[in-house]
Amino acid sequence: LVLLLSFNFGVVFFDRDAFNFLAPFIAPDLGLSQTQVGLIGAALSLSWALAGLFVGRLSDAIGHRKAILVITTLTFSAASVLSGWATGFITLLAARLLMGIAEGGIMPISQTLIAAEVAPERRGLAQGLAQGLGANIIANSMGPIVIIALATSMGWRNAFFLSALPGFLMALLIAWLVREPAPVE
């Protein structure tokens, strides 16, 4: 469970950071100013932060954490595809806002699933691995190398399309392998 959720967070964090590395390819193609590039990055971060609060609360209120995690992972990946289809500032901003909304709830739900399945004496390690391992290995270490190589060889749009594929796969694996925790009374 911990490795699956860690890998999922790494995949979505990879995609979250993709815009930062692809901006030198995107900005000239879409005619974006440096201000617009900064606004797109800031909008994603703001929507991510707010969504963490609201999606986490939603999962507490209605339960069905597994289903919400699958939906947010699918939505996140779809937002990456939408990023590749962007034709200008507004469409790219909207795609990245959607991405932030979807990603914001992934870690709070993942931490809740881990808390339900991992013994208390190992919970801190498990939650630390889930949040740090995948994000740092996949997104921070491999991300810049892979996404720039994809953009250089196939274009920035295809880099977004290809970076969405692991997210769709992760949603399927989560749907298949993760158990819905029993409700807490």
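Residues numbered from 1 in each chain as written. Predicted model: local features only at pLDDT ≥ 70, side-chain atom pairs only at ≥ 80, totals over all residues. Heavy atoms only, no water.

The next thing to look at is the packing of helix 4 (residues 89–104) against helix 5 (residues 106–117). Between helix 4 and helix 5, whose axes approach to 5 Å, the crossing angle comes to 15 degrees. Comparing their axes, helix 5 and helix 4 come out roughly parallel. Between helix 4 and helix 5, the contacting residues are Ala102, Glu103 and Gly104 on the first element and Ile106, Met107 and Pro108 on the second. Of the residues contributing to the contact of helix 4 with helix 5, the split by class is four nonpolar, one polar and one charged. (Axes fitted to C-alpha atoms, helices over the stretch in contact; angles between N-to-C directions. Helix = DSSP H or I, 4+ residues; strand = E, 2+ residues; numbered from the N terminus. Parallel < 35°, antiparallel > 145°, perpendicular 65-115°, else oblique. Contact = heavy atoms within 4.5 Å. Nonpolar A, V, L, I, M, F, W, Y, C, P; charged D, E, K, R; others polar.)

Mapped onto the secondary structure, proline 181 falls in the segment after helix 7 (156–177). The exposure class of proline 181 is buried, given its relative accessible area of 12%. Setting aside residues up to four positions removed in sequence, proline 181 forms contacts with Arg65, Leu113 and Ala116. (Buried < 20%, exposed > 50% of the residue type's maximum accessible area, 1.4 Å probe, protein only.)

The subject of this paragraph is the packing of aromatic side chains. In total, this model carries three aromatic pairs according to the counting rule given. Relative to phenylalanine 13, the ring of phenylalanine 9 has its centre 5.5 Å away and its plane inclined at 45 degrees; by these criteria the two rings are tilted. Taken as a pair, phenylalanine 9 and phenylalanine 13 lie in helix 1 (residues 2–30) at a separation of four residues, close to a single helical turn. The exposure class of phenylalanine 13 is buried, given its relative accessible area of 15%. (Phe/Tyr/Trp six-rings, centres within 6.5 Å; stacked < 30°, edge-to-face > 60°.)

The phi torsion at histidine 64 lies on the positive side, around 50 degrees, for a residue other than glycine. Inspection of the secondary structure assignment puts histidine 64 in the loop between helix 2 (34–62) and helix 3 (65–85). You can call histidine 64 exposed: its relative accessible area is 51%.

Let us now look at the confidence of the model for the protein. Detailed reading of the predicted model is not advised wherever pLDDT is low. Looking at the protein, the pLDDT average stands at 93 and 98% of residues meet or exceed 70. Confidence, expressed as mean pLDDT per element, reaches its minimum in the protein at helix 5 with 92 and its maximum at helix 7 with 97. (pLDDT = per-residue confidence, 0-100.)

Turning our eyes to something else, we now look at the environment of phenylalanine 89. For phenylalanine 89, the location among the structural elements is in helix 4. A relative accessible area of 18% places phenylalanine 89 in the buried class. C-alpha separation for the pair phenylalanine 89 and leucine 30, spaced 59 residues apart in sequence, amounts to 7.2 Å. Not counting residues within four places of it along the chain, the set of residues in contact with phenylalanine 89 comprises Leu32, Gln36, Leu39 and Ile40.

It is worth spelling out the nonpolar core at this point. Phe19, Leu22, Ile26, Leu32 and Leu92 are the most contacted members of the largest nonpolar core, which totals 54 residues. Of all the secondary structure elements, the ones that give two or more residues to this core are helix 1, helix 2, helix 3, helix 4, helix 5, helix 6 (120–154) and helix 7. Counting residues per element, this core draws most heavily on helix 1, which supplies 15 residues. (Core = buried A, V, L, I, M, F, W, Y, C linked by side-chain atoms within 4.5 Å.)

Residues three or four positions apart in an α-helix share a direction because the helix packs 3.6 residues into each turn. Compared with the 16 Å implied by 1.5 Å per residue over twelve residues, the 17 Å span of helix 5 between its first and last C-alpha is a close match. What helix 5 keeps buried is the set Ile106, Met107, Ile109, Ser110, Gln111, Leu113 and Ile114. Where helix 5 is buried, its residues meet helix 1, helix 2, helix 3, helix 4 and helix 6. (Expected span 1.5 Å × (residues − 1).)

Right, let's get into the environment of isoleucine 138. Assignment of secondary structure puts isoleucine 138 in helix 6. According to the relative accessible area criterion, isoleucine 138 is buried, its value standing at 13%. The spacing of isoleucine 138 and serine 6 is 132 residues in sequence and 9.7 Å in space, taken between C-alpha atoms.

Attention now goes to the pattern of salt bridges. As a working rule, side chains carrying opposite charge can pair if their charged atoms are close by. In the structure shown here, the tally under the stated rule is four salt bridges. The closest approach of N and O atoms between aspartate 29 and arginine 157, which form a salt bridge, is 3.9 Å. Separated by 128 residues along the polypeptide, aspartate 29 in helix 1 and arginine 157 in helix 7 bring together distant segments of the chain. Given a relative accessible area of 28%, arginine 157 falls into the partly exposed group. (Salt bridge = Lys/Arg side-chain N within 4 Å of Asp/Glu carboxyl O.)

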